[in-house]
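# Fold and contact review
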Amino acid sequence: MEDKIWRQSLVARYGRSFLQPLAVATVSVVFIGLILIMGLIDVQRIEKILGDFIESRGTSLADVVQRLSQENLNAIVHAPKKGTEGTFVPYTIEPFSPEKALIAALGELAKDVDKKWKEDHLSKSELRKYAEEKDLWLIAVLNRHGRTIFQSRPLPADMFTGEAASIPRQETVTLPLLNQLSLVKKLGFVALRRKDGSGTIIIALDRDGLKYWGLKVSVEKAIRELGQGQGFVYIKIMDTKGKVLGSTGTLPENWKPGEMHTAEILSGAKKLESRKVMYLGKQLLDMAVPFSLGGKVVGITRLGIDWGGTEKILEENRRNMFIFMGLVVIITMLSMWFLYQNQNKHLLRIVDIERRLEKAERLSALGKLAAGVAHEIRNPLNAISMASQRLKREFMPADENQVAEFQTMTGVIRDEIRRLNGIIEEFLTFSKSRRLELHDYPVTEVLQKIVNLIQAEAEEKGIAVKTEWSNGNLNIPMDVDKLQQALLNFIKNAMESISGGGNIRIAVEKISKDRVSIRISDNGCGMTTEEVDQIFNPEYTTKEKGLGLGLPLSHEIIRGHGGEIHVISRKNAGTTFEIILPTIHINDRANKEGIQT
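What comes next concerns the included structure. For clarity, every value in this text was computed on a predicted model and none was experimentally measured.

The subject of this paragraph is the packing of aromatic side chains. The full count for this structure, using the stated rule, is four aromatic pairs. Centre to centre, the rings of Trp-337 and Phe-338 are 5.1 Å apart; their planes meet at 70°, and the pair counts as edge-to-face. When its relative accessible area of 47% is taken as the criterion, Trp-337 is described as partly exposed. Taking the centre distance of 5.1 Å and the plane angle of 45° together, the rings of Phe-490 and Phe-577 count as tilted. Within this pair, whereas Phe-490 is found in helix H11 (residues 480-496), its partner Phe-577 is found in strand S16 (residues 574-582), the two being separated by 87 residues in sequence. The residues Phe-490 and Phe-577 share a single accessibility class, namely buried. A cation over an aromatic ring shows up here: Arg-194 above the ring of Trp-117, its NZ or CZ 4.0 Å from the ring centre.

What follows is the structure in structure tokens.
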């Protein structure tokens, strides 16, 4: 109840603790929030740096393909070889140069048509559709006699104007006719003859077709030259119409409308666009960059760069960030908790000190008042004592039967007056000034005087007093009367704890260069831990008679001498008081410590 009232007064006085739990929580949340925001910003920054690096890598690959394609396209001859007399000279399909790579690609188309012819899957409509899909101006199938069996389109009339007017008009395609048209109209063609001479496949290209197939062959050759193992999953290059010029790797589906801003890329408004996708169980960065030849955007390069390694780095960075943030949170919470506990502990100490000061002031005022009252009580007590002595001496009853009773009554009055006088003396002694006058004096002589003083009383109670100290004098600075009074109180307390005979041991020894130990031990009733904690409290006493101020007074005197008191006690096993006193003056010791410091 007292503790509750005291804590209520604490709140009333200070209004609140140093740091309220809500304030601590707010500071912690703000600090943790800042750490989290900084961590997320750092992760985003690293992700952007890695993303820029991957995009730069993809752009570099696209530039390599673009440069190789330009070199290959420059090397392609846009007109077929011809002999000295303007006759067609066939090539052997060997794709070791851009020109021969073009002829080889067209030769593969011719083989495909020939295969369908052999399997009887070829018709005029199918041949026309195939030519349109492959951007071919003409596909013609000739038998062994050079007569046309199938052709994807009839030769238009405008082909025979101008220089071509002298060419005999034919609805069917023949090699001499195409040879003449290639010279006049700059048509390019490839003829693939069967080994047994049973037929010939002719593929003719106009300027647009030659441009498309030259570009396609250049791109495919560039992609082959780039090779795999460059960090990409796929490369796909498309022209402005969306036709594939070249590709490698397992290609994803075409972009859906709105996924990539291809119009802006083809117009040159955007140099790069990318997005993260999951493809074939991998995280990829799907990129689109312009494909330029001769300083003009002619298509789009689509690349798939493996993002998995980068994602691992980001994931590890996120994990480290969260671990770091968790440690910071724990440290912050512990720091705030320790700060809160420490500040409140200091606050409680301050309040306790103020409480003790207030109590000391009240006790001091009460002590002064009580000392004055006690002093005034002594005069009536002296008068009563003198009256009782005169009553005993001059008014003895004549009746012998009443003498014993009269003696008993006067003895009780005398004893009670003596007891009251002892209480007053003890109280007045405690309330007197604590100023000490220190002089060097042998501590063993003081103890010997005390032993001589209490020897008779100890023998009467059956208590043996044993002393242990060397013959040499141990001089210490002391106020002889007050230190004697303090040591006497310790020894009398030891005697009062013994009932039915016992032992008291008094020992003196020098425990260091500047300290002396006085040990007063008894085998009396002993004390509990709670009692030991309270024995120097003026408000606490276990005595039925007196005020119990002896030990608090002794404690004040020992502290005034710069000493310490250690108490070792066990219930029903005795008590030991160890008084440690300095051998040099307290002021000299302070000066000495100050110089050493």
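Still more ground to cover, so stick around.
So, on to the sheet that holds strand S2 (residues 148-151). In spatial order, the strands read S2-S1-S4-S3; together these four strands make up an open sheet with antiparallel pairing. For this open sheet the edge positions go to S2 and strand S3 (188-193), each flanked by a neighbour on one side alone. Between one strand axis and the next, the sheet turns through 15° on average, direction left out of account. As paired strands, strand S1 (residues 138-143) and strand S4 (residues 199-205) are joined by six bridges and run antiparallel to one another. When the sheet's bridge partners are listed, Leu-138 is paired in S4 with Ala-204.

This part is about helix H4 (residues 124-133). Those residues of H4 not exposed but buried are Leu-127, Tyr-130 and Ala-131. One face of H4 carries all of its buried residues, which in axial projection span an arc of 100°. In H4, the exposed positions that point more than 90 degrees away from the buried face belong to Lys-129 and Glu-132. Where H4 ends, the next residue or the one after it, Asp-135, has phi of about 60°, a positive value.

Okay, the packing of helix H10 (residues 443-461) against H11 next. The N-to-C vectors of H10 and H11 enclose an angle of 35°; their axes lie 10 Å apart at closest approach. Once H10 is placed against H11, the crossing between them reads as right-handed. Where H10 abuts H11, its residues Val-446, Leu-447, Lys-449, Ile-450, Leu-453, Ile-454, Glu-457 and Ala-458 lie against Val-480, Gln-484, Leu-487, Leu-488, Ile-491 and Met-495. Residues of the contact of H10 with H11, tallied by class, amount to eleven nonpolar, one polar and two charged.

Moving on to the packing of H11 against helix H13 (residues 550-560). Interaxial distance between H11 and H13 falls to 9 Å at its minimum, and their mutual angle equals 140°. By the angle between their axes, H11 is oblique relative to H13. The chirality of how H11 crosses H13 is left-handed. In contact with Lys-482, Leu-483, Gln-485, Ala-486, Asn-489, Phe-490 and Asn-493 of H11, H13 contributes Gly-550, Leu-551, Leu-553, Ser-554, Ile-557 and Ile-558.

Strand order in this open sheet of five strands is S6-S5-S9-S8-S7, and the pairing throughout is antiparallel. Because the sheet does not close on itself, it has two edges, and the strands there are strand S6 (244-249) and strand S7 (273-279). Strand-to-strand, the axes of this sheet are offset by a mean angle of 20°, without reference to chain direction. The sheet contact formed by S7 and strand S8 (residues 282-293) spans seven bridges and is antiparallel.

What counts, and where the lines are drawn
- Residues numbered from 1 in each chain as written.
- Predicted model: local features only at pLDDT ≥ 70, side-chain atom pairs only at ≥ 80, totals over all residues.
- Heavy atoms only, no water.
- Phe/Tyr/Trp six-rings, centres within 6.5 Å; stacked < 30°, edge-to-face > 60°.
- Buried < 20%, exposed > 50% of the residue type's maximum accessible area, 1.4 Å probe, protein only.
- Helix = DSSP H or I, 4+ residues; strand = E, 2+ residues; numbered from the N terminus.
- Lys NZ or Arg CZ within 6 Å of the ring centre and 35° of its normal.
- Pairing = 2+ DSSP bridges.
- Axes fitted to C-alpha atoms, helices over the stretch in contact; angles between N-to-C directions.
- Arc of directions from axis to C-beta.
- Left-handed = near helix turned anticlockwise from the far one by under 90°.
- Contact = heavy atoms within 4.5 Å.
- Nonpolar A, V, L, I, M, F, W, Y, C, P; charged D, E, K, R; others polar.
- Parallel < 35°, antiparallel > 145°, perpendicular 65-115°, else oblique.

Remember, this is a structural readout, not a statement about activity or role.
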